[in-house]
Amino acid sequence: MISTGIGTDNIDIVLNELDALVNIDFQHKVVKSELTSLDIVRIGTSGAVQTDVEMGSILASEYGVGFDALMQFYQKPYDEIELNIQQALIRYFPQLSLKPYVAGAGERLLDRIAFDLPKGMTLTAPGFYAPQGRCLRSDNTIPDLIPLVNSFKHNNFRLTNLEMETAGIYALAKMFGHQALSVNAILASRVAGEFSPNPEAVVEKAIQLVLERI
């Protein structure tokens, strides 16, 4: 078990160094001829952006959508579904000056750990305030971010929750050939403006569920 810290900048360090530990020969400073695939499970907190995602529930991310800049610097493999979602997001959010990226969960982990959990598409933001639609004394470039996120639809896909790591984990894991799954403890409804009265219990529930299934 490891703590990554908040944000995809920390994910960049952790995922690269986890991969290096198993796939680089440090003595000879070369990539190993036989590569190891890791199973990576994120357990973290999140806020719902759909009214039917219940506060206190545990949601598994089927896809991660990155509104951060991390994957502008990597060549990530995309499948057809990811590309279609990405193009729909680009059309829907013309305010963004960077290209959002999309990455799916590891299918084996999704089936093994999240088989009975509600599933969704998680938006990964690059910050806590304006990038998540919050405002203290700022003038936000997308002041209606939460309603926009709530209303996005593409075929059967919609954005369900908001946090700061999932898309980076999924994209880097796919690039390196690892399996990844994000398990989200839903502590808030960003649409209703409500927060869990007992967040510690929700987080503990998520931790226990994953530990029992790995």
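This is a predicted model, so every value here is computed, not measured.

*Asks:* Hey, could you run me through the side chain of Thr 8 in this one?
*Replies:* When you line up the elements, Thr 8 lands in helix H1 (residues 8-23). A polar contact is formed between the side chain of Thr 8 and the side chain of Asp 68, at a distance of 2.9 Å. What Thr 8 contacts, discounting residues up to four positions off in sequence, is Asp 68, Leu 70, Tyr 101, Thr 124, Met 164, Glu 165 and Gly 168.

*Asks:* What is the right way to look at the pairing of strand E5 (residues 101-104) in this model?
*Replies:* The side chains of a regular strand alternate, residue by residue, between the two faces of the sheet. With burial as the criterion, each face of E5 is covered, one bearing Tyr 101 and Ala 103 and the other bearing Val 102 and Gly 104. Two elements, strand E4 (residues 58-66) and E5, share four bridges in a ladder whose sense is antiparallel. Paired with Val 65 across the two strands is Val 102, which belongs to E5.

*Asks:* What exactly am I supposed to notice about the nonpolar core here?
*Replies:* Side chains of nonpolar character tend, in soluble globular proteins, to be buried together. Ranked by internal contacts, the top residues of the largest apolar core, which has 32 residues, are Leu 15, Ile 58, Ile 169, Tyr 170 and Leu 181. Elements with a contribution of two residues or more to this core: H1, E4, E5, helix H3 (107-113), helix H5 (166-176), strand E9 (179-189) and helix H6 (199-213). Sorting elements by how many residues they give to this core places H5 first, with six residues. Ile 58 has contacts with Leu 117, Pro 118, Val 183, Asn 184, Ala 185, Val 202, Lys 205 and Ala 206, leaving out every residue within four places of it along the chain. Counting residues in each nonpolar core, the second largest holds 21 residues, with Leu 123, Leu 145, Leu 148 and Leu 162 among its members.

*Asks:* What am I meant to see in the layout of surface pockets here?
*Replies:* Unfilled space is identified by rolling a water-sized probe across the atoms. Taken as a whole, the largest pocket spans an internal volume of roughly 1,100 Å³. Looking at the lining of the largest pocket, the elements that each hand over two or more residues are H1, strand E3 (39-48), H3, strand E8 (157-163), E9 and H6. Broken down by element, the lining of the largest pocket gets its largest block of residues, nine residues, from E3. A class-by-class count of the residues in the lining of the largest pocket yields 23 nonpolar, eight polar and seven charged. In this structure, the second largest pocket is lined by Phe 67, Gln 95, Leu 96, Ser 97, Leu 98, Pro 126, Ala 130, Pro 131, Asn 140, Thr 141, Ile 142 and Leu 145. Counted by class, the lining of the second largest pocket contains eight nonpolar, four polar and no charged residues.

Each value, and the rule that gives it
- Residues numbered from 1 in each chain as written.
- Predicted model: local features only at pLDDT ≥ 70, side-chain atom pairs only at ≥ 80, totals over all residues.
- Heavy atoms only, no water.
- Helix = DSSP H or I, 4+ residues; strand = E, 2+ residues; numbered from the N terminus.
- Polar contact = N/O pair within 3.5 Å; in protein donor to acceptor, adjacent residues only side chain to side chain.
- Contact = heavy atoms within 4.5 Å.
- Buried < 20%, exposed > 50% of the residue type's maximum accessible area, 1.4 Å probe, protein only.
- Pairing = 2+ DSSP bridges.
- Core = buried A, V, L, I, M, F, W, Y, C linked by side-chain atoms within 4.5 Å.
- 1 Å grid on protein atoms, 1.4 Å probe; cavity = no way out; pocket = protein on both sides within 12 Å on 5 of 7 lines; lining within 4 Å.
- Points joined across faces, edges and corners; volume = space filled by probe spheres on them.
- Nonpolar A, V, L, I, M, F, W, Y, C, P; charged D, E, K, R; others polar.

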